[in-house]
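# Structural features, examined
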Amino acid sequence: MILPKRLKKGDTIGIVAPSGHLREAKIEDVEKSLIDRGYKVKIYESCYSVNRGYLSGNDELRAKCLQEAFADENIDAVFCIRGGYGAARILDLIDFDIIRNNPKIFLGLSDITALHMAFNQKCDLVTYHGPVARRFVDMDDYTERSLLKNIATDERINFENPEGEEIFTLYEGKCQGQIVGGNLSLINTSLGTEYEIDTKDKILFIEETSEYVYNVDKMINHLHMAGKFRDCKGIIFGDFKDCRKVRDEDWAVEDIVNEIAQRYKKPTIYNLQTGHCIPVGTIPLGAMCYLDATNKKVEFDYSNCSCVK
């Protein structure tokens, strides 16, 4: 795997919108928040565009801006403005040689999972599941520390939840392997495509938001039937923000994920605070992960990566 060059003050961040358009903040405020932190910023056209009411410009524009950000030698990192919907629509428009030949820090979550999976598998690039660019406007200390630990250093990373958030052991044991995954809905939509997630001998990370529990059950079962839990070495269930029951007697998310843990008997933890939660921790997808489910420890290591200087 390729570890992109570390980010330092004075570097230039390219802001792209490969999914939905910005609604929750002003682009000027996002830009200022990064400049105030000591970075230069370039905003790409897709961040100012709207298509269909829910996309940030048409597919061609979103793909073009993403590729331009990677191809531009003056851009040091590429941050996604937000998630939403649309990243999977541009996968067949991307020239992955551009990404592979110009490895850079790539940051985002939620719908950006589609791009994380593709870049990890087709470009051998470590990417970062962490706060989208709009979050810099009001980012808390934990989120910023976790992000910078990942993208500004190459040290071994011990993931620690925010204070007061417990990690739960669902099945004891230890394992190691590349960490892959992201948002459950996007992982599911990859199945049956050339971008299908590969979990063979890897640690599978899953998070979700705003789904009824029976939909979580349906998607988890789809991964089960597709052999993704069978193939992986361990499982990390992250945050499942606002995933709710229809009726009081329905199972909770905790019941669904525990069922998987007991079925496969592999090291499994729940409630790692990364996903749609605030604060949110950053994880380096594609990096080596050491999971000690018994002691509720997760570590990431870049020593096996080829580092870009």
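To be clear, the structure that these remarks concern was listed above.
Residues numbered from 1 in each chain as written. Predicted model: local features only at pLDDT ≥ 70, side-chain atom pairs only at ≥ 80, totals over all residues. Heavy atoms only, no water.

### Considerations on the nonpolar core
Core analysis: the biggest nonpolar cluster contains 46 residues, and Ile15, Phe79, Ile81, Ile236 and Val298 have the highest contact counts within it. Among all residues touching Ile15, those that are not within four sequence positions of it are Leu34, Val41, Lys42, Ile43, Tyr44, Cys47, Phe79, Ile81 and Ala133. (Core = buried A, V, L, I, M, F, W, Y, C linked by side-chain atoms within 4.5 Å. Buried < 20%, exposed > 50% of the residue type's maximum accessible area, 1.4 Å probe, protein only. Contact = heavy atoms within 4.5 Å.)

### Side note on the side chain of Arg134
Structurally, the position occupied by Arg134 is in the loop between β6 (127-129) and α5 (141-151). Given a relative accessible area of 17%, Arg134 falls into the buried group. A distance of 3.5 Å separates polar atoms of two side chains, one belonging to Arg134 and the other to Glu24. Leaving out residues up to four positions away in the same chain, Arg134 has contacts with Leu22, Glu24, Val30, Ile81 and Arg82. (Helix = DSSP H or I, 4+ residues; strand = E, 2+ residues; numbered from the N terminus. Polar contact = N/O pair within 3.5 Å; in protein donor to acceptor, adjacent residues only side chain to side chain.)

### Details of the packing of helix α7 (residues 213-225) against helix α9 (residues 253-264)
At a minimum axis separation of 9 Å, α7 and α9 run at an interaxial angle of 20 degrees. Of the possible angle classes, the one that applies to α7 and α9 is roughly parallel. The two elements α7 and α9 cross, and the hand of that crossing is right-handed. Of the residues in α9, those touching α7 at Val213, Asp217, Ile220 and His224 are Val253, Ile256, Ile260, Arg263 and Tyr264. Taken together, the residues of the contact of α7 with α9 break down into 6 nonpolar, 1 polar and 2 charged. (Axes fitted to C-alpha atoms, helices over the stretch in contact; angles between N-to-C directions. Parallel < 35°, antiparallel > 145°, perpendicular 65-115°, else oblique. Left-handed = near helix turned anticlockwise from the far one by under 90°. Nonpolar A, V, L, I, M, F, W, Y, C, P; charged D, E, K, R; others polar.)

### Let's talk about the pattern of salt bridges
Applying the stated criterion to the full structure yields 21 salt bridges. In this structure, Lys5 and Asp11 form a salt bridge, with 3.8 Å as the shortest nitrogen-oxygen distance. Owing to a relative accessible area of 25%, Lys5 belongs among the partly exposed residues under this scheme. Note that Arg156 is salt-bridged to Asp301, the shortest N-O span being 3.6 Å. On the criterion of sequence distance, the pair formed by Arg156 in the loop between α5 and β7 (157-159) and Asp301 in strand β15 (residues 297-301) is long-range, its members being 145 residues apart. If you follow the salt bridges from partner to partner, you end up with Lys5, Lys8, Asp11 and Asp76 in one network. (Salt bridge = Lys/Arg side-chain N within 4 Å of Asp/Glu carboxyl O.)

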